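# Descriptive structure summary
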Amino acid sequence: MTKRPVGRPNSGFTLVELLVVIAIIGILVGLLLPAVQAAREAARRMQCSNNLKQLGLSLLNYESAFKKFPSRSGGTGPYFANTGLGNSNRGRRSGFIPLLPFIEGNNQWNAVVAGDVANNDPPEGPHAWRSYAPWNTSPGFMRCPSDGGFVNATRTNSYAMCAGDMVESLTNGLSGRQARGIFGARPSNTQSVFYTIGSVSDGTSNTIAFSERLCQQNTPVRAQNPPTVNAGQVEYVLGVHTRVAGLIDNPSLCRTVTDGRYFAAGSQVQSRFGIAWQDAQPMYVAFNTVLGPNSPACADGGTWGDSTHLVIPPASRHTGGVNASFVDGSVHFMSDNIDTGNTSARQTLTGPSMYGAWGALGSKSGGEVNSWSE
């Protein structure tokens, strides 16, 4: 029998050494995973910012070509015209559609304009809420990679147009033809309202054009009539509470119907954003600068996504805020903690915003002294 030389150590690890190595590896992995996740989110946020950059540039190119900004709601046919089932847009085609030729969407725009005789769809499309092959799939740049709410790519969007800093009458505009933001609405039985770059007296670098809202297809309350939800069922960034009376005079009431993350039990909630990028109703394609980013959204009544008095802040899955594209084409990250002034007050049609730096960024001609920073 061969004897082991005196003083020669045993080969291999002891149990204690093995456990120490495993523990070290576990710690390193625990430190690495958050860094990897943070890097991936940074890349997604950058892609989202680029999408908004392209939207902002398309807006400027549109203005350069037509000497005006597109209306948020427009297209063919007056809003309340009784014109049959599909022979006009009923004035509800969203402002994203006419931007298509200015964001490498010429083919899609041409298809929209051409109509579809075989399916009795007129030139420029049927009622904006209806199925229509040329707009049934939204372009890829309309979707933020951090937005996980997409069931499929049909008619979905992560981006919204700024409706200014007012709660009142977002659908058709207060007093028929007014809007504090750059996107006019189409009043009943009249032509669309358009604003020029000259009307942005607050400055194009101080006025928001587009921001984010989370697609709400993955929530249980997409019904046309708002159902009543249970506690912990719907995050307040993924829906609109449709039964908050008094919002026009006191937008802060919207904060009273949540538990800090979810809509409170008994709330009547709709989740309609992100299901119809081509339909100009505010609940589908708009946001306002009243409550800060990632705050609760509320409406003073309404069904089918047709609410007209809304508090509808931008929302995202980016940590701490949302991306926003300004009228000058720049993109900035807007903090959840931005100053919102007095959200218990009613905003008047003219004059400075009641809602601090955030409200001022939504108004095109409020006369505010800019005081925001990233």
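How each quantity is defined
Residues numbered from 1 in each chain as written. Predicted model: local features only at pLDDT ≥ 70, side-chain atom pairs only at ≥ 80, totals over all residues. Heavy atoms only, no water. Helix = DSSP H or I, 4+ residues; strand = E, 2+ residues; numbered from the N terminus. Buried < 20%, exposed > 50% of the residue type's maximum accessible area, 1.4 Å probe, protein only. Contact = heavy atoms within 4.5 Å. Areas by Shrake-Rupley, 256 points an atom, 1.4 Å probe, with all protein chains shown as cover. Lys, Arg positive; Asp, Glu negative; His and termini not counted. Salt bridge = Lys/Arg side-chain N within 4 Å of Asp/Glu carboxyl O. Pairing = 2+ DSSP bridges. Phe/Tyr/Trp six-rings, centres within 6.5 Å; stacked < 30°, edge-to-face > 60°. Patch = residues over 30% accessible without salt bridge, like charges linked within 9 Å, V, L, I, M, F, W, Y side chains within 5 Å. 1 Å grid on protein atoms, 1.4 Å probe; cavity = no way out; pocket = protein on both sides within 12 Å on 5 of 7 lines; lining within 4 Å. Points joined across faces, edges and corners; volume = space filled by probe spheres on them. Nonpolar A, V, L, I, M, F, W, Y, C, P; charged D, E, K, R; others polar. Core = buried A, V, L, I, M, F, W, Y, C linked by side-chain atoms within 4.5 Å.

Across its full length, the protein chain carries four helices and eleven strands. Across the 374 residues of the protein chain, 53% fall into the buried class. Sequence separation of 24 or more characterises 69% of the internal contacts of the protein chain that already satisfy a separation of 6 or more. Carbon and sulfur atoms make up 54% of the accessible area of the protein chain, which totals about 16,200 Å².

Mapped onto the elements of the fold, E63 is located in helix α1 (residues 15-66). One buried charged side chain, E63, makes no salt bridge at all; its nearest oppositely charged neighbour is K67, positioned 6.0 Å away. With residues near it in sequence (within four places) discarded, E63 still touches K68, F69 and I197.

Right, let's get into unusual backbone geometry. Although it is not a glycine, K67 sits at a positive phi angle of roughly 60 degrees. Its relative accessible area of 57% is what places K67 among the exposed residues. Notably, E104 is not glycine yet its phi reads approximately 60 degrees, a positive angle. Its location among the elements puts E104 in the loop between β2 (93-94) and α2 (106-114).

Pairing within the open sheet is mixed, and its five strands lie in the order β7-β3-β4-β10-β11. The sheet is open, and its two edges are formed by β7 (286-287) and β11 (331-335), each paired on a single side. Relative to β7, strand β3 (residues 159-162) runs parallel, the two being bridged by two bridges. Looking at β7, one finds that M161 is bridged to A286.

One pair of aromatic rings is described through two measures. These are the centre distance and the angle between the planes. Under the defined criterion, the tally for this structure stands at six aromatic pairs. On the basis of an interplanar angle of 70 degrees and a centroid distance of 5.6 Å, the ring pair of Y62 and F102 is categorised as edge-to-face. Highlighted residues: Y62 in helix α1 and F102 in the loop between β2 and α2, separated in sequence by 40 residues. Residue class for Y62 comes out buried when judged on its relative accessible area of 8%. Note on F66 and F102: the rings are 6.1 Å apart at their centroids and 80 degrees apart in plane angle, and the pair reads as edge-to-face. Linking F66 in helix α1 with F102 in the loop between β2 and α2, this pair joins segments that are 36 residues apart in sequence.

On the surface, V16, V20, I24, I27, L28 and L31 cluster together into a nonpolar patch covering about 600 Å² of accessible area. Positionally, L31 belongs in helix α1.

The next subject is empty space enclosed by the protein. Unoccupied space between atoms shows up once a probe the size of one water molecule is rolled over them. Under the defined criterion, the tally for this structure stands at three cavities of 30 Å³ or more. Of the voids in this model, the largest cavity is the one considered here, and its volume is about 130 Å³. Residue lining of the largest cavity: 18 residues in total, with A163, S169, L170, Q178 and A179 positioned closest to the centre. Partitioned by chemical class, the residues of the lining of the largest cavity number eight nonpolar, six polar and four charged.

Before going further, it helps to examine the layout of surface pockets. Volume-wise, the largest pocket comes out at about 320 Å³. In terms of lining residues, the largest pocket is bounded by 18 residues, among which Y62, G75, R93, P98 and F194 are the most central. Going through the elements one at a time, α1 and β2 are the ones with two or more residues in the lining of the largest pocket. Considering only residue class, the lining of the largest pocket consists of eight nonpolar, seven polar and three charged.

Within β11, four of the five residues are buried, which leaves it mostly tucked inside the rest of the structure. Direction of pairing for strand β10 (residues 321-326) relative to β11: antiparallel, over a ladder of five bridges. Of the residues in β11, the one forming a bridge with G321 is S335. Connecting β10 to the next strand, β11, in antiparallel fashion are four residues, including G329 with a positive phi near 95 degrees.

For soluble globular proteins, nonpolar side chains are generally found buried alongside one another. Grouped together as the largest cluster of nonpolar side chains are 32 residues, with contacts concentrated most on L55, L59, F96, I182 and F210. For this core, the elements supplying multiple residues, two or more each, are α1, α2, β3, β4 (208-212) and α3 (282-285). Considering every element that reaches this core, the biggest residue donor is α1, with five residues. Leave out the neighbours within four places in its chain, and I182 touches L59, F69, Y195, V200, T207, A209, V327 and K364. Counting residues in each nonpolar core, the second largest holds 21 residues, with V221, L238, V269 and Y355 among its members.

Turning to the environment of A297, a few remarks are in order. The topology assignment puts A297 in the loop between β7 and β8 (298-299). In this structure A297 comes out as buried when scored by relative accessible area, which is 0%. If we ignore the near neighbours within four places in the chain, the residues touching A297 are R213, Y236, G239, V240, H241, C254, F263, V311, I312 and P313.

A word on the pattern of salt bridges. Here the structure, examined in full by the defined rule, presents ten salt bridges. Put simply, E124 and R93 hold a salt bridge, and the shortest N to O gap is 2.8 Å. Of this pair, E124 sits in the loop between α2 and β3 while R93 sits in strand β2, and the two are 31 residues apart along the sequence. You can call R93 buried: its relative accessible area is 8%. Between D165 and R180 there is a salt bridge, with the nearest N and O atoms lying 2.5 Å from each other. One end of the pair, D165, is in the loop between β3 and β4; the other, R180, is in the loop between β3 and β4, and 15 residues separate them in sequence. Residues D165 and R180 agree in their burial class; the two are buried.

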